[in-house]
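Residue strings, one per chain:
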Amino acid sequence: MMILSLVVAFGVRCLLVILFLPFSAADKIFNFSGAVGQASEIAPSRGLARGLIIAGLFVEIVMSLGVVTGIADRLAAFVLAGYCMATALLWKQFWKPGDFWAGGKGRELFWDFLKNFSLGAGFLLITFGTNSTTVLDLLSDPTASSHPYSLGSAAR
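Residues numbered from 1 in each chain as written. Predicted model: local features only at pLDDT ≥ 70, side-chain atom pairs only at ≥ 80, totals over all residues. Heavy atoms only, no water.

So, about the layout of surface pockets. Rolled over the atoms, a probe with the dimensions of a water molecule shows which regions are left empty. Its boundaries defined by the atoms lining it, the largest pocket holds a volume of some 660 Å³. Lining of the largest pocket is provided by 25 residues; of these, Ser 24, Lys 28, Glu 60, Tyr 83 and Thr 87 occupy positions nearest its centre. Only α2 (19-30), α3 (32-39), α4 (46-69), α5 (73-91) and α6 (105-128) provide two or more residues apiece to the lining of the largest pocket. Its residues assigned to classes, the lining of the largest pocket comprises 14 nonpolar, seven polar and four charged. (1 Å grid on protein atoms, 1.4 Å probe; cavity = no way out; pocket = protein on both sides within 12 Å on 5 of 7 lines; lining within 4 Å. Points joined across faces, edges and corners; volume = space filled by probe spheres on them. Helix = DSSP H or I, 4+ residues; strand = E, 2+ residues; numbered from the N terminus. Nonpolar A, V, L, I, M, F, W, Y, C, P; charged D, E, K, R; others polar.)

Moving on: the pattern of salt bridges. Tallied over the full model, the rule gives three salt bridges. Here Glu 60 makes a salt bridge to Lys 28, at a shortest N to O gap of 2.9 Å. In this pair, Glu 60 sits in helix α4 while Lys 28 sits in helix α2, placing the two residues 32 residues apart along the sequence. Residue Glu 60 is classed as buried on the basis of its relative accessible area, which comes to 1%. (Salt bridge = Lys/Arg side-chain N within 4 Å of Asp/Glu carboxyl O. Buried < 20%, exposed > 50% of the residue type's maximum accessible area, 1.4 Å probe, protein only.)

With that settled, consider α2. Between its terminal C-alpha atoms α2 stretches 15 Å, which fits the 16 Å expected from twelve residues at 1.5 Å a residue. Looking only at α2, the buried set comprises Phe 20, Ser 24, Ala 25 and Lys 28. Axial view of α2: buried residues confined to an arc of 100°, hence all on one face. For α2, exposure combined with an orientation more than 90 degrees from the buried face picks out Phe 23 and Phe 30. The elements touched by buried residues of α2 are α1 (2-17), α3, α4, α5 and α6. (Expected span 1.5 Å × (residues − 1). Arc of directions from axis to C-beta. Contact = heavy atoms within 4.5 Å.)

With omega at 25°, the peptide bond leading from Leu 21 into Pro 22 counts as cis. Tracing the sequence through the fold places Pro 22 in helix α2. A positive phi angle, close to 50°, is found at Ala 72, a residue other than glycine. As for its position among the elements, Ala 72 is in the loop between α4 and α5. You will see that His 147, though not glycine, has its phi angle at about 55°, which is positive. Topologically, His 147 is positioned in the segment after α7 (133-140). By relative accessible area, which is 47% here, His 147 ends up partly exposed.

As a rule of thumb, nonpolar side chains are buried together in soluble globular proteins. With 16 residues, the main nonpolar core has Val 17, Phe 20, Val 67, Leu 80, Leu 119 and Phe 123 as its most contacted residues. Going through the elements one at a time, α1, α4, α5 and α6 are the ones with two or more residues in this core. For this core, the leading source of residues is α5, giving six residues. Aside from chain neighbours lying at most four places away, what touches Leu 119 is Leu 16, Leu 19, Phe 20 and Cys 84. In this structure, Val 36, Ala 39, Ala 49 and Ile 53 belong to the second largest nonpolar core, which totals six residues. (Core = buried A, V, L, I, M, F, W, Y, C linked by side-chain atoms within 4.5 Å.)

Tracing the chain through its elements places Ala 86 in helix α5. Among the residues examined, Ala 86 registers a relative accessible area of 34% and is labelled partly exposed. In this structure the C-alpha to C-alpha distance between Ala 86 and Ala 9, which are 77 residues apart in sequence, comes to 27 Å.

Shown next as structure tokens:
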């Protein structure tokens, strides 16, 4: 039963980050110019767009590894939650096309917007847990691990 618990904990964390590592990160690496083009939609210069993509790669790789390994996982999940919500606000602006009620691009973007926010909320569950004491834990030691693979009763 202990092995099953470890496999489930590891599997859930892998499923939570699989969008970023390997898929989104690999897409940014192999299609860097396309990613920079997309970032150029909000960045005033190509240099800033490249910087945003490099920062996004860092977040997607390093923070995903933090979530999966349990190393500073609460902080990593918090950063990924912010990343999901920021990308929703910057690239999934369903209110802009003005065709939401007509079933056009705005409606498509709305569902992507909600998916980003929902994924961010999933990361916040790792950050804050399901009770109020973990908020204090995060504030007192932001880089501490939640010890996701600990089987003892001392694990939080």
